[in-house]
Structures are given as C-alpha cells and as structure tokens.
Amino acid sequence: MAMETGLIFHPYMRPGRTAKQTFEWGVQNSVACDKAGFTSMMISEHASQIWENIPNPELIIAAAALQTKTIKFAPMAHLLPHQHPTKLAMTIGWLSQILEGRYFLGIGAGAYPLASYMHGIRGEDQETERLNDRVRESLSIMEQIWKREPFFFEGKYWSAGFPEEEEALTEEDEQHKLANYSPWGGDMPEIAVTGFSKNSPSMKLAGEKNFKPVSIFSGIDALKQHWKIYSEANIAAGFTPDRQRHAVSQTVFCADTDAEAKSEVMNGPIGYCFNKYLIPIWRRFGMMDGFAKDAGIDPADADLEFLVDNVFVVGSPDTVVEKLNTLFEQCGGWGTLQVESHDYYDDPSPWWNSLELIAKEVAPRVKLPGATAVAAENVAA
Ligand SMILES: Cc1cc2nc3c(=O)[nH]c(=O)nc-3n(C[C@H](O)[C@H](O)[C@H](O)COP(=O)(O)O)c2cc1C
C-alpha cells in the first residue's frame with residue numbers, strides 16, 4: 001500500500017497572531033488539504049504555549065466540517081487529564097456524528113507541565129506514569145458513557161455515571177428519552193495515541209488497547225523503539241500489529257527544485273519557528289540527541305541547517321520521495337506521513353504548492369517495505 005498523507009496543525013503560529021488569524025488559517029488548511037487529497041488532519045490542544053495557540057481543536061474541526069468532503073479530522077490530542085470525561089465524551093460523540101464518521105480521536109497525557117499546573121496537577125503528579133493513570137481512568141469512563149448503559153463510578157480522579165432511562169408516562173410521551181451522544185456508527189470512535197518519549201508508556205497503552213499509534217519523528221532509534229513497544233503490547237493483547245496504522249509527524253517541505261525548497265525552509269516561516277521555538281524546546285526534551293546520534297555528530301552542533309539537511313524531509317518531489325524511501329528502509333516505514341503545518345498565513349502560495357506536491361507527486365511513490373516481515377523482526381529483536 002502507498003503511504004497516506006495527513007496534516008498536523010500545532011499550529012506553530014508566530015506570537016502576535018490573533019485568535020481569528022489562527023482559526024482562519026486552520027480552516028483554510030483543512031479545505032486545501034481536503035482538495036489536495038490528504039486523508040487526515042490532526043489539530044493540537046494546548047493551554048500554555050504561545051506558539052501552539054489552540055486550546056480547543058474541536059472548534060476548528062466543527063468550522064471545517066461543512067466545508068470539506070472526504071478528509072478525516074482528529075484532535076491530536078485531547079488531553080484527558082485536563083477535563084471531565086463525561087463532557088469530553090459528549091463533545092467527541094456529537095462531533096463525530098456531525099462529521100458522519102470523518103472523525104477519529106487522538107488522546108494524550110499532555111506534554112507541558114505549565115498546562116498540567118493550570119489544571120491543578122503539580123509536583124509528582126506531573127510524572128508521565130501518573131498522568132497516564134489519569135488517561136486510563138478518563139478513557140474507561142468515556143467508554144462507559146458511549147455505551148449508554150446505566151452505571152455510576154467513583155474513581156481516583158473523577159466520578160461519573162449514566163442514568164437509567166425512565167418509563168414513558170403515556171404512549172405519546174417523549175420527555176423521558178435520553179439524548180444519544182455516542183460516536184457515529186457505534187459506541188467507540190477510532191482512537192489514536194501520541195507517543196513521544198523513547199520508552200513511551202503511551203505506545204504501550206496504544207498496543208494493549210489496539211489503538212492507532214502516532215509518533216513524532218525523533219530519530220530512527222526512537223521510532224524503531226516506538227514500534228517495538230507498540231507491537232509487543234499489541235501481540236501480547238492478542239492483536240496483529242499493522243504498520244499501515246502508524247502515523248508519524250515530520251517536517252516536510254516540497255518545492256519545484258531542491259535549492260528552492262531549502263532556501264524557503266531556511267529563510268521562511270519554518271526556519272523562523274525552529275530558531276525561535278522548536279530548536280530550544282527540542283533541546284529541552286532531548287530530541288536533538290537522537291538526531292545527532294543518527295548523524296554521528298555532537299548534539300551541541302545540531303543547528304537549523306543540520307536539521308534541514310539531515311532530519312527534515314525537504315526538496316523537490318524526487319528528492320522527498322528518495323529521502324522518505326531511505327527512512328522507510330531504515331525503520332520499517334509507516335502508514336501516514338503527518339506533515340507538520342507552519343505559519344504561511346501572510347503568503348500561503350509556497351505552502352499550498354508544497355501540500356499539492358506532497359499529496360500528488362510524493363505520496364503515491366512511497367510504499368511500505370514488507371510491513372509484516374519488519375514487524376515480526378522488530379518484535380523478535
Ligand atoms: C503527534 C503528537 C501530537 C501531540 N499533540 C499534543 C498536544 O496537542 N498537546 C500536548 O500537550 N501534547 C501533545 N503531544 C504530547 C502528548 O500529550 C504526550 O505528552 C506524549 O505523547 C507522551 O508520550 P510518551 O508516553 O511517549 O511519554 C503530542 C505528541 C505527539 C507525538
């Protein structure tokens with residue numbers, strides 16, 4: 001099967017952008033991606049970061065719902081420790097019904113301590129394992145809400161229930177009927193889990209529950225490790241891991257020539273964002289170490305140009321195909337390339353051109369190399 005293309009909208013808008021501009025850019029991207037043939041668009045949720053200024057991904061998804069035809073949407077991710085599971089379960093169910101199935105659900109524990117703090121989670125409770133405990137409890141409550149069967153649960157973090165439907169008083173009586181906010185077509189949406197750290201607890205959860213795994217590209221070793229953790233847990237739970245379900249987000253930019261693409265990334269919004277925001281943050285999260293190890297250099301020497309030449313996937317369509325095929329051979333490949341969006345709000349034409357080239361000239365030429373064989377080999381290793 002050929003690789004699918006998606007967009008991940010964090011959205012990396014430079015400070016000073018208004019809420020209206022960010023929102024408009026999100027909806028414009030959804031329409032452009034739908035037209036270009038992207039299969040999915042994921043939208044982030046953040047409470048604290050000025051460069052990632054979307055607190056409610058569901059609002060952009062709702063605005064895009066009636067302006068798009070085939071593209072699927074996912075919040076990536078709703079941060080389960082940050083809100084009451086019943087409220088979230090209903091938001092998700094209703095939106096999935098509005099989109100008539102063009103919806104899947106991304107869940108996460110939350111990457112930023114300041115955002116956890118804003119939601120009353122501090123100190124040791126911010127450790128990944130503890131946040132994941134909250135994720136598990138929230139998810140089990142949401143699953144029960146979507147089933148619409150009576151229960152009441154008093155948990156470690158939340159209490160919730162689903163009431164019994166009352167008897168009708170007369171034959172015409174409809175006041176007793178309960179609204180149905182379960183996801184379109186069933187009691188569960190497709191669920192995707194984001195993994196980030198090398199020994200990712202989120203990838204383990206995804207494997208155990210047979211959820212769709214979503215990784216940020218942070219070096220070959222980390223990506224192989226994600227697949228190993230996911231597939232081991234998936235097999236142990238009685239499922240068959242499928243690399244086609246794995247989505248990997250990556251910085252990708254395509255132009256008509258290699259030189260044009262590199263210059264645009266170095267001097268345009270992508271380079272600006274990396275210099276001001278992402279390089280410092282990647283150093284803090286240790287992501288530079290994996291990239292430097294892949295290239296055999298000191299992490300301190302890894303700058304924007306190093307990333308453009310060695311880590312990002314930048315170039316003409318032929319070069320981008322070649323780079324992706326090399327990556328796929330090294331790590332076994334993935335099903336969906338989730339292109340990281342950037343702030344081309346002022347002059348979108350190079351960005352629209354890049355999206356068109358990626359969907360139409362690159363994706364059909366990138367294929368998973370013997371997915372089942374690589375999965376088995378990684379699990380055995
Ligand atoms: C593709 C992707 C998207 C993510 N989006 C968000 C997000 O919108 N908001 C957020 O706080 N964290 C986001 N995260 C981070 C997750 O919430 C979480 O901290 C991380 O995936 C935990 O990974 P781990 O279990 O591997 O340590 C994202 C991670 C990935 C890989």
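Residues numbered from 1 in each chain as written. Predicted model: local features only at pLDDT ≥ 70, side-chain atom pairs only at ≥ 80, totals over all residues.

To be explicit about the condition: UniProt positions are given in the numbering used here, feature names are shortened, and annotations may be inferred rather than shown by experiment.
Its UniProt record gives the protein a comment under Sequence similarities (unreviewed entry), which states: "Belongs to the bacterial luciferase oxidoreductase family."

Side note on the UniProt feature "domain: Luciferase-like" (unreviewed entry) in the protein
Here is the rule we go by: Numbering of helices and strands runs from the N terminus; a helix is a DSSP stretch of H or I covering at least four residues, while a strand is a stretch of E covering at least two.
Using the residue numbers shown here, the UniProt feature "domain: Luciferase-like" (unreviewed entry) corresponds to residues 13–330. Annotated as residues 13–330, this span is 47% helix and 13% strand, and its ends, taken at the C-alpha atoms, are 32 Å apart.

A few points about the site of the ligand
Rules: We call a residue near a molecule or strand when its C-beta atom, built from the backbone, sits within 6 Å of it. Throughout, the ten residues Ala, Val, Leu, Ile, Met, Phe, Trp, Tyr, Cys and Pro are labelled nonpolar, Asp, Glu, Lys and Arg are labelled charged, and all others, Gly among them, are labelled polar.
As a structural note, the neighbourhood of the ligand is formed by 25 residues, with S44, G108, T194, S200 and S202 the closest of them. Taken together, the elements giving at least two residues each to the shell around the ligand come down to β8 (191–195), α6 (201–209) and β9 (212–216). The dominant element in the shell around the ligand, judged by the number of residues it contributes, is β9, at three residues. By residue class, the composition of the shell around the ligand is 12 nonpolar, 12 polar and one charged.

Comments concerning the pairing of strand β1 (residues 4–9)
Which entries qualify depends on this criterion: Labels follow a simple rule on C-beta atoms placed from the backbone: if 20 or more others lie within 10 Å of a residue's own, it is buried; if 12 or fewer, it is exposed; otherwise it is partly exposed. For two strands to count as paired, DSSP must find a minimum of two bridges between them. A crossover counts as right-handed when, viewed with the strands pointing away from the observer, the path leading from the first strand over the helix to the second turns clockwise.
Burial within β1 is extensive, with five of its six residues counted as buried. Sheet topology places β1 next to strand β13 (residues 336–340); five bridges connect them, and they run parallel. Residue pairing in the sheet places T5 in a bridge with L337 of β13. Remark: the β1/helix α1 (residues 19–36)/strand β2 (residues 40–43) crossover connection has right-handed handedness.

Points about the sheet that holds strand β5 (residues 105–108)
Within a sheet, neighbouring strands are paired by backbone hydrogen bonds and run either parallel or antiparallel to one another. Taken in spatial order, the nine strands line up as β3-β2-β1-β13-β10-β9-β8-β5-β4 in an open sheet, and their pairing is parallel. For this open sheet the edge positions go to β3 (72–75) and β4 (78–79), each flanked by a neighbour on one side alone. When β5 meets β8, the two strands line up parallel, connected through three bridges. Looking across to β8, one finds that L105 is bridged to I191.

Here's the deal with the environment of Y157
Where we set the bar: We call two residues in contact when their backbone-placed C-beta atoms lie within 7 Å.
Inspection of the secondary structure puts Y157 in the loop between β6 (151–154) and β7 (159–162). When the 16 C-beta atoms within 10 Å are taken as the criterion, Y157 is described as partly exposed. Spatially, the C-alpha atoms of Y157 and R134 are 7.0 Å apart, while their sequence positions differ by 23 residues. Every residue in contact with Y157, bar those within four places of it in the chain, is listed here: R134 and E137.

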